[in-house]
Amino acid sequence: MFIADAWYMGAWADELADAPVSRRICNQPLVLYRSKEGEVATLYDSCCHRGAPLSVGSVIDQGLQCGYHGLVFGNDGVCVHIPGQAQIPRKARVRSYPTVEKDQMIWVWMGDPEKADPALILDYPFHNDTGNWPHSHGMYEIDTTYQMMMDNLMDLTHLGYVHAKNVGGKAATLVEAEMDVITTEKGVDVKRWMPDCEPPPTYLKCVDLPEKIERWQEMEFIAPSAVLQWTGAVGKGQGAREDFSKRVGGFSMRLYHFATPVTETSCYYFWSAAHNHLLGDPDATENLRKEVEIALEEDKWIVQAQQDRIRETGDDWLVDVRSDKARVAMRHALKKMEAESGPLAAGPVVTDS
Amino acid sequence: MFIADAWYMGAWADELADAPVSRRICNQPLVLYRSKEGEVATLYDSCCHRGAPLSVGSVIDQGLQCGYHGLVFGNDGVCVHIPGQAQIPRKARVRSYPTVEKDQMIWVWMGDPEKADPALILDYPFHNDTGNWPHSHGMYEIDTTYQMMMDNLMDLTHLGYVHAKNVGGKAATLVEAEMDVITTEKGVDVKRWMPDCEPPPTYLKCVDLPEKIERWQEMEFIAPSAVLQWTGAVGKGQGAREDFSKRVGGFSMRLYHFATPVTETSCYYFWSAAHNHLLGDPDATENLRKEVEIALEEDKWIVQAQQDRIRETGDDWLVDVRSDKARVAMRHALKKMEAESGPLAAGPVVTDS
Amino acid sequence: MFIADAWYMGAWADELADAPVSRRICNQPLVLYRSKEGEVATLYDSCCHRGAPLSVGSVIDQGLQCGYHGLVFGNDGVCVHIPGQAQIPRKARVRSYPTVEKDQMIWVWMGDPEKADPALILDYPFHNDTGNWPHSHGMYEIDTTYQMMMDNLMDLTHLGYVHAKNVGGKAATLVEAEMDVITTEKGVDVKRWMPDCEPPPTYLKCVDLPEKIERWQEMEFIAPSAVLQWTGAVGKGQGAREDFSKRVGGFSMRLYHFATPVTETSCYYFWSAAHNHLLGDPDATENLRKEVEIALEEDKWIVQAQQDRIRETGDDWLVDVRSDKARVAMRHALKKMEAESGPLAAGPVVTDS
């Protein structure tokens, strides 16, 4: 079951520069595009004439034009032009979805349009603050549920096994980290602290660090499927845990994660990697991107392997352990949101209109 | 549901030159072959001994030999030889299908064999008239229903959107064409006329034409799934609409289309492209083939994309427009033929014999 | 339905040298591995924490460690270590399967563990007798039932059609072979004798032989799915049929075949090819391997094509012929074993413990 009453990330803003983009969200085929006026819009991705995907059409002055027989649609999904005929039948329309552009991202609302309040969209100003937080970004399509993608982020002990050679480092360090887990109105806050440890390989590839460091991992889960992560390290003993002004001169990275459900068992995994270290160094952003992509490929590989098994066995037989604390809190937040959600805006047309 | 009582094109005659050919028609696995005596035949493609496909066997003097343990079958599907034993059980046989070779094509009857009248097979003498109509031909397997392949041909306004850069040209020209649609005993005749327009790119690549032309598109749909097309152009004002003798000195092409159902949602699309312009020019046939294949690939791409959506949404919600006139008449002809058809000759053996 | 109470070959012993191996047997995902102490073991291939496959983990001193969050399991499937917590819940375990290493092969018991008697595992000492029987070995995953893989071996008349250009030779020779079929306690013994024939191409590639040979094919089927084959030839008239001491100086090969069910319609096909001719010639083993692999690829191709058809038509309509004698006896042995078998040890955990 999908959580319908939610804003899902549908695309990076720069993906809509040249042509419409085809996406499947909550198992609905969608076309996302930017009109000639610059507005972003999302329609059900099927022309009401002969069903062809509108995403293989093109944006013209009047709207989004189907590439098969040329019908044109407005951002509200209403057909505004049928080649060869003056009158447009009232039924000539497709479903449109509330769409908002914010912080370099395109957001789509999949539930009752009346409830689509843009104020509910998360804030991530770092995407716009390219001076202090230059970033790279991308997207993976992953054959696992979006929930298992969130699970992966809520239990960072996996870093010592899956990512030991890059962003993780020694397993024991990560397993023994101090951890605070707080359930919030929006989701779950997780703070992890390793006051006396060695830097992981990725940190050393990006910056110079002493042999012993203070290391932090702060994860803000926002339901249904965002994780805003600030992670980094400075030399041991600087007291960067509470005093953020001490979080400079070392390695400092903000990772943005958003998992949008494609089908019941697959998702888009949007990510960005911003850094606050080595500002002004043109190579620093690229170096970080390379390291992050290696780690994300490792995540993709393990969660897909996991999904293969869960698909076959279900998850009733699984046993929670101590490191699952944040993950369990996250799943509770999802259950709550699921219970409160209305039905999905599903199908090519709004049938009761 | 398949229309069983019909002749379907199963292969080009030249495909049977060297070895048996495996085809699936109306979801029946078939082997088409030419015996050493030169007769064409079609059997259910599975040996009655251990089930291996006969299409991986070979034609020998006595008949079609299975490539697994060497059983041999006659054109009627009766086993005529079992290696290592003299007696052949009465049950050692597979279903055979009425098969006819005509106009360089192989035709298979999928319904009650008693109704298989060769006189019902369409005439297409142009395949034999290589002096006046030299041609190339081929086949695509397409993931869409054969009906949607016919839909595509019955609404030529798609030429201005899907094939604008080759056989189509300007969308407005094609949308504004005069159109006559006549329901016939065999199907539907469509005549489209553009008396004053510019030549599309393909025409100019093949022949010299003035800036303004008369252009015709004549499509004869023959149920269940043939379209015989004559299309071309001469200089504007020559009066080629009714006087066929004026249809010389320009671009003149006959396209043959036949869509044979493979499964309920896929088909073989057989095509040939003949031309009456530049007779005697060895490059003209090849130039036309290249242009036609580009356009057919575009068709394949759009109809498969369409099928992806229709598979998910059904087609009840779609809205007919003015340009669907011929398409709707074609679908009516199909419904009629479907209602009149008997059951399919399905399965490896005739069970009640 | 799988025969559960049986030893199935899960791997070649040398496959476990470096890392755990993922296999699916009787549709159960399994991990086979060798512990640091050198014991071989098989577990259900899914960690009881978050379900990740244990086969992507690694063997450490304490046991098999999951590659996701580091849990460690003993050979009995009991979790022995959870990173970050001292207490291990009683439910933290996965199913283990009786596993035995014998004659360079790893055997897994898929039924009631109490019935897992290693004495039931077939003997194949030739794998250890590398002085007299040097061999190569391998495995194919094949999209056909293991029963049809056995069928293929029980009717060697296919050699003249499928393998005419390598191990088979003339079809008539193989069809006319004398054949003894004896039902045994373990399965079926088949002895085939061609006292006066020409050598097949493979034999001539491997050794020198006269124009006329005595040729033998002896197949011991051991239920559920082994065939131990001794096949070869010496010059005509040497009397090698009963007097095995005469089976020297020609071509002499022992083929080992084992088909382990993966799913209901696919199998692993393990094979080895040993030879007793040209002992001490380093190229002889390699030459034989090349020839055998060509023939096995041909088998794979034909049995998969056969399976494609049987999947669609079933096999009720098929007609047995004279050459099916051994095959029919083999199928009877399988039916008997199937009737006597208890249930499969299925699922990630033993639910009633």
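Numbering of residues begins from 1 in every chain and follows the order in which that chain's sequence is written. As a convention, the first chain written is A and the first ligand written is 1, with the rest following in written order. Residue-level local features of this predicted model are given only where pLDDT is at least 70; pairs of side-chain atoms are given and counted only at 80 or more, and the full residue set underlies all totals for whole chains, interfaces and linings.

### Some details on the overall build of chain A
- Only DSSP runs of H or I reaching four residues or more are called helices, and only runs of E reaching two or more are called strands; each is numbered from the N terminus. When you go through chain A residue by residue, the secondary structure sums to six helices and 18 strands.
- Its C-alpha atoms give chain A principal-axis dimensions of roughly 75 × 50 × 30 Å.
- For chain A, buried positions account for 51% of its 353 residues.
- Throughout, a pair of residues is in contact if the C-beta atoms placed from their backbones lie within 7 Å. Relative to all contacts within chain A whose residues are 6 or more apart in sequence, the contacts with residues 24 or more apart total 58%. Buried residues are those with 20 or more other C-beta atoms within 10 Å of their own C-beta, exposed residues have 12 or fewer, and partly exposed residues lie in between; C-beta atoms are placed from the backbone.

### Here's the deal with the domain arrangement of chain A
All names here are of chain A.
- Either an automatic procedure or a domain database provided the assignment from which the domain bounds are taken. Examined at the domain level, chain A breaks down into domain 1 (7-117) and domain 2 (125-318).
- With ten residues of domain 1 at the interface, the matching set in domain 2 holds eleven residues.
- Of the residues forming the side of domain 1 that touches domain 2, the biggest block, four residues, is contributed by strand S1 (residues 7-12).

### Observations concerning the packing of helix H1 (residues 146-154) of chain C against helix H6 (residues 325-340) of chain C
All names here are of chain C.
- Viewed as axis vectors pointing N to C, H1 and H6 meet at an angle of 145°, and their least axial separation amounts to 8 Å. Between H1 and H6 the crossing geometry is right-handed. For the pair H1 and H6, the contacting residues are Gln147, Met150, Asp151 and Met154 in the first and Ala326, Arg327, Met330 and Leu334 in the second.
- For this classification, the nonpolar set comprises Ala, Val, Leu, Ile, Met, Phe, Trp, Tyr, Cys and Pro, the charged set comprises Asp, Glu, Lys and Arg, and every other residue, Gly included, is treated as polar. Here the contact of H1 with H6 is built from residues that sort into five nonpolar, one polar and two charged. Axis definition: a line fitted to C-alpha atoms, over the contacting stretch in the case of helices. Angles run 0 to 180 degrees between N-to-C directions. Note: crossing handedness is left-handed where the near helix turns anticlockwise from the far helix by less than a right angle, and right-handed where it turns clockwise.

### Digging into the pairing of strand S14 (residues 187-197) of chain B
Residues and elements named next belong to chain B.
- Pairing of strand S13 (residues 178-183) with S14 involves six bridges; the strand directions are antiparallel. If you follow Thr183 over to S14, its bridge partner there is Val188.
- From the end of S13 to the start of S14, which pair antiparallel, there are three residues.
- Think of it this way: DSSP has to see at least two bridges between two strands before they count as a pair. Inspection of the sheet shows S14 paired to strand S15 (residues 213-222) by nine bridges, in the antiparallel sense. Looking at S15, one finds that Cys197 is bridged to Ile213.

### Topic: the sheet that holds strand S10 (residues 99-102) of chain A
Residue and element names in this part refer to chain A.
- Taken in spatial order, the three strands of this open sheet run S1-S11-S10, and their pairing is antiparallel. A strand with exactly one partner marks an edge of an open sheet, and here the two such strands are S1 and S10. When strand polarity is set aside, the average angle formed by the axes of neighbouring strands in this sheet is 30°.
- Bridge count between S1 and strand S11 (residues 105-109): five bridges; the pairing is antiparallel. Looking at S11, one finds that Trp7 is bridged to Trp109.

### A closer look at unusual backbone geometry
- At the junction of Ala223 of chain B and Pro224 of chain B, the peptide bond is cis and its omega measures out at 5° in the coordinates.
- Take Pro224 of chain B: it is sitting in the loop between S15 and strand S16 (226-235).
- Phi angles above zero are rare outside glycine, and Asn27 of chain C is one such case at about 65°.
- With respect to the helices, strands and loops of the structure, Asn27 of chain C is situated in the loop between strand S2 (21-25) and strand S3 (28-34).
- With a phi angle near 50°, Leu278 of chain C is a residue other than glycine that sits in the positive phi range.
- Residue position: Leu278 of chain C is located in the loop between strand S18 (266-275) and helix H5 (282-313).
- Classification of Leu278 of chain C by C-beta neighbours within 10 Å gives partly exposed; the count is 18.

### What to know about the relation of the copies chain B and chain A
- Superposing chain B onto chain A takes a rotation of 120° combined with a translation of 0.0 Å along the rotation axis, leaving an RMSD of 0.0 Å. Such values leave the two copies arranged in the relation of a three-fold axis. A least-squares fit on C-alpha atoms brings the copies together, and the residues used are those whose pLDDT is at least 70 in both copies.

### Quick notes on the interface of chain B and chain C
- On the side of chain C, 23 residues touch chain B, which itself brings 23 residues to the contact.
- Its residues assigned to classes, the side of chain B that touches chain C comprises twelve nonpolar, nine polar and two charged.

### A closer look at the packing of helix H1 (residues 146-154) of chain B against helix H5 (residues 282-313) of chain B
Residue and element names in this part refer to chain B.
- Contact geometry for H1 and H5: axes closest at 10 Å, N-to-C directions at 125°. Here H1 lies oblique to H5, going by the angle between them. Once H1 is placed against H5, the crossing between them reads as right-handed. Contacts between H1 and H5 pair Met148, Met149 and Asn152 from the former with Asp299, Val303, Gln306 and Gln307 from the latter. The labels follow the angle: roughly parallel below 35 degrees, roughly antiparallel above 145, roughly perpendicular from 65 to 115, and oblique for the rest.

### Topic: H5 of chain C
- A helix's residues, less one, multiplied by 1.5 Å, set its expected span. Between its terminal C-alpha atoms H5 of chain C stretches 48 Å, which fits the 46 Å expected from 32 residues at 1.5 Å a residue.
- Among the residues trailing H5 of chain C, Gly314 of chain C stands out with phi positive, at a value near 70°.

### Some thoughts on the environment of Glu298 of chain C
All names here are of chain C.
- One can find Glu298 in helix H5.
- Residue Glu298 is classed as buried on the basis of its 21 C-beta neighbours within 10 Å.
- In the structure, Glu298 is positioned 144 residues away from Met154 in sequence and 16 Å away in space, judged by C-alpha atoms.
- Dropping the residues within four chain positions of it, Glu298 is found in contact with Val162 and His163.

### Notes on helix H6 (residues 325-340) of chain A
All names here are of chain A.
- The end-to-end C-alpha distance of H6 is 23 Å, a good match for the 22 Å that 16 residues give at a rise of 1.5 Å each.
- Within H6 the residues assigned to the buried category are Ala326, Arg327, Met330 and Ala333. Buried residues of H6, seen end-on, are gathered within an arc of 120° and therefore sit on one face of the element. What points out from H6, more than 90 degrees from its buried face, is the exposed set Lys335 and Ala339. To be clear, the arc concerns the directions from the helix axis to the C-beta atoms.

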